[in-house]
Amino acid sequence: KEIQTDIDDAIAKYNEATARLAEAQKAKAQADEVIAEITASIEKDQKEFEETIQVQTSATLAKQAAAAELALKELEANADSQVETYVQQQAVRRGMRELANLSDAQKAKFMDAAIASL
């Protein structure tokens, strides 16, 4: 009878261990499923983040290129203006020097032409 009790206890422990093993395997399968979902979510997030970074980088580069182009045009316009101003100043100075160095005959001719134009 004692042997039968030991056998019954062993069978009960085996059945309990088998049930626990089944529960552990079920829990492992669930954990594996959760891990797979998390991994898939991470991969999706990484892909979306990479796409977002690429879009933002492209937009930033486009804005910088446009700003650089605008700055270049402004610099060109400013340089053109400075050259024009310099040319005008030099023309006035040269004209003043030429007028100051006219001979008496040239001065008289210039005055006659100025009076005639009025």
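See the structure shown above.
Residues numbered from 1 in each chain as written. Predicted model: local features only at pLDDT ≥ 70, side-chain atom pairs only at ≥ 80, totals over all residues. Heavy atoms only, no water.

1. What to know about the overall build of the chain
Across its full length, the chain carries two helices and zero strands. For 118 residues, the compact-globule formula gives about 13 Å, and the C-alpha radius of gyration of the chain, at 48 Å, lies well above that figure. Here the chain holds 118 residues, and the buried ones make up 0% of them. Of the roughly 10700 Å² that the chain leaves accessible, carbon and sulfur atoms contribute 60%. (Helix = DSSP H or I, 4+ residues; strand = E, 2+ residues; numbered from the N terminus. Rg over C-alpha atoms; globule rule 2.2 N^0.38 Å. Buried < 20%, exposed > 50% of the residue type's maximum accessible area, 1.4 Å probe, protein only. Areas by Shrake-Rupley, 256 points an atom, 1.4 Å probe, with all protein chains shown as cover.)

2. Describing the pattern of salt bridges
Pairing is possible between side chains that carry opposite charge, provided their charged atoms lie close to one another. Counted under the stated rule, the structure contains four salt bridges. As a salt-bridge pair, K28 and D32 come within 2.9 Å of each other at their nearest N and O atoms. Residue K28 and its partner D32 are located together in helix α1 (residues 2-100), separated by four residues, close to a single helical turn. The class for D32 is partly exposed, based on a relative accessible area of 38%. (Salt bridge = Lys/Arg side-chain N within 4 Å of Asp/Glu carboxyl O.)

3. Quick look at helix α2 (residues 104-117)
Spanning 14 residues, α2 covers 20 Å between terminal C-alpha atoms, matching the ideal 20 Å at 1.5 Å per step. Among the 14 residues in α2, zero count as buried, and that is only a small part of the element. (Expected span 1.5 Å × (residues − 1).)

4. Here's the deal with a nonpolar patch on the surface
The grouping of L99, F110, M111 and I115 at the surface amounts to a nonpolar patch, some 410 Å² of accessible area in total. Examining the composition of the nonpolar patch, we find that three residues originate from one element, α2, more than from any other. Mapped onto the elements, M111 comes out in helix α2. (Patch = residues over 30% accessible without salt bridge, like charges linked within 9 Å, V, L, I, M, F, W, Y side chains within 5 Å.)

5. Re a negative patch on the surface
A grouping of E2, D6, D8 and D9 is seen on the molecular surface, where their side chains present a negatively charged patch. Mapped onto the elements of the fold, D9 is located in helix α1. D9 sits in the partly exposed class, given a relative accessible area of 42%. (Lys, Arg positive; Asp, Glu negative; His and termini not counted. Charge placed at Lys NZ, Arg CZ, Asp CG, Glu CD.)

6. As for the environment of Q88
Along the polypeptide, Q88 turns up in helix α1. Through-space distance from the C-alpha of Q88 to that of A24 is 94 Å; in sequence the pair is 64 residues apart.

Keep in mind these values describe shape, not function.
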